Amino acid sequence: MKENNQISSAELEVMQILWNSKEPLNIQAVCDRMPSNKWAYKTVATLLIRMEEKGAVTSQKKGRINYYRPILDKEKYTKEQTKEFVSKLYNGSVKDLAVSLFKSDDMTQSDIDEIRKMFDL
């Protein structure tokens, strides 16, 4: 992806659909996979065009229809965004993030047990 061309939260929703697909998708297929038909066809088309300009996706024309696939690697993007998140909200301290998560009401005992198992390996 080109430098300083972060993808927006709306674009990320489209990326998630593309990342979860085993094959390139046309605009209608992306729309069909949107939860509760969230956006109109034209909106999804605009997002995909923007994402292609940013280097996050690529398209291939088959007949008159463009099919899109991700170029942006999900794991690499997730790592970069996590680092940025920790840097911005927790001054770069992963420990402070972990403490915040453990103190939140959203973490279940099952989550905590699973994390402990990861550290025991």
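Residues numbered from 1 in each chain as written. Predicted model: local features only at pLDDT ≥ 70, side-chain atom pairs only at ≥ 80, totals over all residues. Heavy atoms only, no water.

Test applied: UniProt positions are given in the numbering used here, feature names are shortened, and annotations may be inferred rather than shown by experiment.
The chain appears in an unreviewed UniProt entry as BlaI/MecI/CopY family transcriptional regulator from Candidatus Butyricicoccus avistercoris. The UniProt entry for the chain carries this comment under Sequence similarities (unreviewed entry): "Belongs to the BlaI transcriptional regulatory family."

1. What about the nonpolar core?
Let me state the cut-off plainly: As used here, the term nonpolar core means buried Ala, Val, Leu, Ile, Met, Phe, Trp, Tyr and Cys residues forming a set that is joined through side-chain atoms within 4.5 Å. Under the scheme applied here, a residue whose accessible area is under 20% of the maximum for its type counts as buried, over 50% as exposed, and between as partly exposed, the area being computed with a 1.4 Å probe on protein chains only. Put simply, DSSP marks the helices as runs of H or I at least four residues long and the strands as runs of E at least two long, and each gets a number from the N terminus on. Should any heavy atoms of two residues lie within 4.5 Å, those residues are counted as being in contact.
Judged by nonpolar contacts, the single largest core of 22 residues is most densely connected at V14, M15, L18, V30 and L48. Among the elements of the structure, α1 (9–20), α2 (27–33) and α3 (41–54) are those that each provide at least two residues to this core. Apart from residues no more than four positions distant in its own chain, M15 is found in contact with I7, M51, A56, V57, P70 and L72.

2. Focus: the environment of T43
With respect to the helices, strands and loops of the structure, T43 is situated in helix α3. Separated by 35 residues in the primary sequence, T43 and S8 place their C-alpha atoms 14 Å from one another.

3. Some remarks on the pairing of strand β2 (residues 65–70)
Here is the rule we go by: DSSP-based pairing: two strands are paired if at least 2 bridges between them are found.
Bridging between strand β1 (residues 57–62) and β2 involves six bridges; their strand directions are antiparallel. By the bridge assignment, S59 is partnered in β2 with Y68.

4. Remarks on the side chain of S21
Counted only if it meets this: As used in this structure description, the phrase polar contact means that two N or O atoms lie within 3.5 Å; if the pair is within protein, one of them must be able to donate a hydrogen and the other to accept it, and residues adjacent in sequence are counted only when both atoms belong to side chains.
Looking at the secondary structure, you find S21 in the loop between α1 and α2. For S21, the side chain forms a polar contact with the main-chain oxygen of E23, separated by 2.6 Å.

5. Brief notes about the packing of helix α4 (residues 74–90) against helix α5 (residues 94–103)
Convention followed: Helix axes use the C-alpha atoms of the stretch in contact, all axes being lines fitted to C-alpha atoms, and the angles between their N-to-C directions lie in the range 0 to 180 degrees. Working definition: roughly parallel below 35 degrees, roughly antiparallel above 145 degrees, roughly perpendicular at 65 to 115 degrees, and oblique for all remaining angles. Residues were grouped as follows: Ala, Val, Leu, Ile, Met, Phe, Trp, Tyr, Cys and Pro as nonpolar; Asp, Glu, Lys and Arg as charged; and all remaining residues, including Gly, as polar.
Two elements in contact, α4 and α5, have axes whose closest approach is 9 Å; the angle formed by their N-to-C orientations is 85 degrees. Taken together, α4 and α5 sit at an angle that is classed as roughly perpendicular. When α4 is examined against α5, the residues F85, V86 and Y90 are found in contact with a partner set consisting of V94, D96, L97 and S100. In terms of residue class, the contact of α4 with α5 is made up of five nonpolar, one polar and one charged.

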